[in-house]
Amino acid sequence: MRPLSDVTSFFGRKTLTSVFAAALAVAINFAPVAPAQAAETTVFAAASLKTALDDIVTAYQGAGADKVTVSYGGSSALAKQIEQGAPADIFISASTDWMDKLAKAKLIKEDSRVDLLGNTLVLVAHGTDAPKFEITGKLDLAALLGNNRLAMALVDSVPAGVYGKAALTSLGLWPSVEATVAQSDNVRAALALVATGEAPFGIVYATDAVAEKNVSVVGTFPAGSHDPVVYPAALTAEARDGAAAFLAYLQGEAARSAFERQGFKVLGK
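The structure reproduced in this document is the subject of the present report. Given the structure is predicted, the values throughout are model-derived calculations rather than measurements.

**Details of the sheet that holds strand 9 (residues 215–220)**
Turning to step 1, where the next piece is worked out: Taken together, five strands build an open sheet; the order of strands is 7-6-8-5-9 and the sheet is mixed. Both outer strands of the open sheet, strand 7 (181–184) and strand 9, are each paired with one neighbouring strand and no more. Going across the sheet, the axis of each strand differs from the next one's by a mean of 35 degrees, ignoring polarity.
Turning to step 2, where the next piece is worked out: Bridge count for strand 6 (residues 150–153) against strand 7 is four bridges, and the pairing is parallel. Bridge pairing links Met-152 to Gln-183 in strand 7.
Turning to step 3, where the next piece is worked out: Along the sheet, helix 7 (residues 159–170) contacts strand 5 (121–126), strand 6 and strand 8 (201–205); its crossing angle with strand 6, the most-contacted strand, is approximately 125 degrees.

Shown next as structure tokens:
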């Protein structure tokens, strides 16, 4: 066998170097490649959106789009989580106030913001055949409650509760029922209290009542008794690639149909 020095001399150093380079290239080409991670969008959304938004996410992903994960809760709690650095890509609030707070702190992409939806505030009762009332300043809501509770979302922070307190105050009913209010972390929790019979009445959005079979809408609060219920949506300042596509999808026809089935008014940009 020739010594390596002879082989090197025989082929020439340049040729041998090329052989080694080619072998290295082959090794690199056949090295295991780590699979690319699928893109994912995280949405922080008001609890009242759950039924419609779950359907929308299912349709979006079913069409082969990126994964979307939604965290539901009171808009106030979600906004505070974003302020504290929670990794959300899109925020959908049930109130312009909480979106305004994030905008002021430069935690959203202002040019992506859109007033997406509108809603209506209603009084619901336990059961499917409760009698209806006209909600005016003459309604004796305290007498209807008796010794029972009025279910509401947190009246000083969660939008449904804030709207509800404002409506009752403008109608002159708040002083008579304030002590009976059972406050919940979000509007769906308040709805659950009525659905299970733990509270005979509650104040929620009309779309929440559609989502729960064991409650009846017994009255609608006059539009002028509270600020308009508007749901703004926006990309957060740290939104990842792909989030803009889902925000655009929320403004498209497929999403519109899902929102309208649930009773939302689609506002658009």
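Text resumes after the structure shown.
**Comments concerning the layout of surface pockets**
Turning to step 1, where the next piece is worked out: Reported here for the largest pocket is a volume of approximately 240 Å³.
Turning to step 2, where the next piece is worked out: For the largest pocket, the lining is made up of 13 residues, of which Ser-95, Asp-97, Val-162, Tyr-163 and Asp-227 are closest to its centre.
Turning to step 3, where the next piece is worked out: Put simply, the parts of the chain that give the lining of the largest pocket at least two residues each are helix 5 (96–104) and helix 7.
Turning to step 4, where the next piece is worked out: If you tally residues by element for the lining of the largest pocket, the top one is helix 7, at four residues.

**Examining the environment of Glu-238**
Turning to step 1, where the next piece is worked out: Relative to the helices and strands, Glu-238 is located in the loop between strand 10 (229–235) and helix 11 (243–249).
Turning to step 2, where the next piece is worked out: For Glu-238, a relative accessible area of 67% translates into the label exposed.
Turning to step 3, where the next piece is worked out: Along the sequence, Glu-238 and Asp-89 sit 149 residues apart, while their C-alpha atoms lie 6.6 Å from each other.

**Some points on the side chain of Thr-42**
Turning to step 1, where the next piece is worked out: In this structure, Thr-42 sits in strand 1 (residues 40–46).
Turning to step 2, where the next piece is worked out: The buried category is assigned to Thr-42, whose relative accessible area is 14%.
Turning to step 3, where the next piece is worked out: When sequence neighbours within four positions are dropped, the list of residues in contact with Thr-42 reads Thr-69, Pro-87, Ala-88, Asp-89, Ile-90 and Arg-240.

**Here we look at the pairing of strand 2 (residues 67–73)**
Turning to step 1, where the next piece is worked out: Taken together, the seven bridges between strand 1 and strand 2 define a ladder with parallel strand orientation. The residue bridging Ala-45 from the neighbouring strand is Tyr-72, located in strand 2.
Turning to step 2, where the next piece is worked out: At this point the chain moves from strand 1, through helix 3 (residues 50–62), to the parallel strand 2, and the crossover so formed is right-handed.

**Looking at the packing of aromatic side chains**
Turning to step 1, where the next piece is worked out: In this structure the tally under the stated criterion is eight aromatic pairs.
Turning to step 2, where the next piece is worked out: Note on Tyr-163 and Tyr-205: the rings are 6.4 Å apart at their centroids and 65 degrees apart in plane angle, and the pair reads as edge-to-face. Of this pair, Tyr-163 sits in helix 7 while Tyr-205 is found in strand 8, placing the two residues 42 residues apart along the sequence. Exposure class is identical for Tyr-163 and Tyr-205. Each is buried.
Turning to step 3, where the next piece is worked out: Every member of this aromatic cluster is reached through a ring pair, and the members are Tyr-163, Tyr-205, Tyr-231, Phe-259 and Phe-264.
Turning to step 4, where the next piece is worked out: The residue whose ring lies beneath Lys-101 is Trp-98, and the NZ or CZ to ring-centre distance is 5.3 Å.

Rules used throughout
Residues numbered from 1 in each chain as written. Predicted model: local features only at pLDDT ≥ 70, side-chain atom pairs only at ≥ 80, totals over all residues. Heavy atoms only, no water. Pairing = 2+ DSSP bridges. Helix = DSSP H or I, 4+ residues; strand = E, 2+ residues; numbered from the N terminus. Axes fitted to C-alpha atoms, helices over the stretch in contact; angles between N-to-C directions. Contact = heavy atoms within 4.5 Å. 1 Å grid on protein atoms, 1.4 Å probe; cavity = no way out; pocket = protein on both sides within 12 Å on 5 of 7 lines; lining within 4 Å. Points joined across faces, edges and corners; volume = space filled by probe spheres on them. Buried < 20%, exposed > 50% of the residue type's maximum accessible area, 1.4 Å probe, protein only. Right-handed = clockwise from strand over helix to strand, strands pointing away. Phe/Tyr/Trp six-rings, centres within 6.5 Å; stacked < 30°, edge-to-face > 60°. Lys NZ or Arg CZ within 6 Å of the ring centre and 35° of its normal.

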